[in-house]
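# Observations on chain architecture
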Amino acid sequence: MNEQSGIFAGTDPFSIAGRWLEEAEKTEPNDPNAIALATVDSSSLPNVRMVLLKEIEEDAFVFYTNYHSTKAGELDESGKAAFVMHWKSLRRQIRVRGTITREDGPQADEYYASRSLKSRLGAWASRQSEPLTSRAALMAEVAKVTTKFGPNPPRPSFWGGYRLIPVEIEFWADGAFRLHDRFQWRRTAPGSEWQVQRLNP
């Protein structure tokens, strides 16, 4: 009997992840695509923060940020990351670990152009992760870049995407009496064959 049935059914983990996200979009009150992204600094001290997952590709997960931010520095230095998506409404989560590459081409341009004007201008105005003297100083910078770029700001060279190519994906669903269902997909390297196993709760 194949235990990968019901919500776990499928031969492609990215398709399963996409299906779960579509379900969450109908039930989660806010940001169903939010992920807790984990990185490590140069001393191997972990760091984690919420970001928005923007695309599930055939073999990767894509998100965007300021390349001058703390997270970007840690991503570039280690070339590795992990994240978890958790949906309270569905009582499910997806855990992902893998390697990181930049998405700094036409795809990043296209996504940037799809954002609201205020978000595009905000990307120019914010020196992400750096100290800020006041909210007023930030809003003054927003006004400055608004005057400079008008209604069609280009994508900043310091802003773009990252692609996480996983070597491990785990699908978790809540079970009665904490006897949860867990299926782990693992591969030795990107592009290699996935091995699937059920894990103890």
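Residues numbered from 1 in each chain as written. Predicted model: local features only at pLDDT ≥ 70, side-chain atom pairs only at ≥ 80, totals over all residues. Heavy atoms only, no water.

This next bit is on the pairing of strand 5 (residues 92-103). Pairing geometry for strand 4 (residues 80-87) and strand 5, over eight bridges, is antiparallel. Counterpart to valine 84 in the pairing with strand 5 is arginine 95. Between strand 4 and the antiparallel strand that follows it, strand 5, lie four residues; arginine 91 among them carries a positive phi value of about 55°. Of the strand pairs in this sheet, strand 5 and strand 6 (residues 159-173) are connected by twelve bridges, and their pairing is antiparallel. When the bridges of strand 6 are listed, arginine 95 appears paired with glutamate 170. (Pairing = 2+ DSSP bridges. Helix = DSSP H or I, 4+ residues; strand = E, 2+ residues; numbered from the N terminus.)

In the structure shown here, the tally under the stated rule is 13 salt bridges. Salt-bridge contacts for aspartate 76 lead to arginine 102; the nearest nitrogen and oxygen are separated by 2.7 Å. With aspartate 76 in helix 2 (residues 70-78) and arginine 102 in strand 5, this residue pair connects regions lying 26 residues apart in the sequence. With a relative accessible area of 39%, aspartate 76 lands in the partly exposed category. For arginine 102, a relative accessible area of 38% corresponds to the partly exposed category. A salt bridge links arginine 182 to glutamate 170; the nearest nitrogen and oxygen atoms lie 2.7 Å apart. A residue pair is termed long-range when its members are at least 10 positions apart, and arginine 182 in strand 7 (residues 181-186) and glutamate 170 in strand 6 qualify at twelve residues. (Salt bridge = Lys/Arg side-chain N within 4 Å of Asp/Glu carboxyl O. Buried < 20%, exposed > 50% of the residue type's maximum accessible area, 1.4 Å probe, protein only.)

Contact geometry of helix 4 (residues 117-125) with helix 5 (residues 135-149) gives a least axis separation of 9 Å together with a crossing angle of 110°. Put simply, helix 4 runs roughly perpendicular to helix 5. Regarding helix 4 and helix 5, the two cross each other, and that crossing is right-handed. Within the contact between the two elements, helix 4 uses Leu121, Trp124 and Ala125 and helix 5 uses Leu138, Glu141, Val142, Val145, Thr146 and Phe149. A breakdown of the residues in the contact of helix 4 with helix 5 according to their chemical character gives seven nonpolar, one polar and one charged. (Axes fitted to C-alpha atoms, helices over the stretch in contact; angles between N-to-C directions. Parallel < 35°, antiparallel > 145°, perpendicular 65-115°, else oblique. Left-handed = near helix turned anticlockwise from the far one by under 90°. Contact = heavy atoms within 4.5 Å. Nonpolar A, V, L, I, M, F, W, Y, C, P; charged D, E, K, R; others polar.)

What follows is about helix 2. Within helix 2, burial applies to Lys71, Ala72, Glu74 and Leu75. For helix 2, the angular spread of buried residues about the axis comes to 165°, placing them on one side. The inward-facing, buried residues of helix 2 contact strand 1 (34-40), strand 2 (46-56), strand 3 (61-66), strand 4, strand 5 and strand 6. Glycine 79 occupies a position one or two residues after helix 2 and carries a positive phi of about 70°. (Arc of directions from axis to C-beta.)

At arginine 91, a residue that is not glycine, the phi angle is positive and equals roughly 55°. Following the sequence through the fold, arginine 91 ends up in the loop between strand 4 and strand 5. Residue arginine 91 is classed as exposed on the basis of its relative accessible area of 53%. At phenylalanine 177, a residue that is not glycine, the phi angle is positive and equals roughly 60°. Along the polypeptide, phenylalanine 177 turns up in the loop between strand 6 and strand 7.

The next point concerns the pairing of strand 6. Burial within strand 6 is extensive, with 14 of its 15 residues counted as buried. Relative to strand 6, strand 3 is paired through six bridges, and the arrangement is antiparallel. Paired with threonine 65 across the two strands is glycine 160, which belongs to strand 6. Examined bridge by bridge, strand 6 and strand 7 share six bridges and lie antiparallel to one another. Residue pairing in the sheet places tryptophan 172 in a bridge with arginine 182 of strand 7.

With that out of the way, let us pick up the packing of aromatic side chains. If you walk through the whole model with that rule in mind, you get 16 aromatic pairs. In this structure, arginine 92 packs its charged tip against the face of tryptophan 20, placed 4.9 Å from the ring centre. Positioned above the aromatic ring of tyrosine 67, the side-chain terminus of arginine 102 is 3.7 Å from the ring centre. (Phe/Tyr/Trp six-rings, centres within 6.5 Å; stacked < 30°, edge-to-face > 60°. Lys NZ or Arg CZ within 6 Å of the ring centre and 35° of its normal.)

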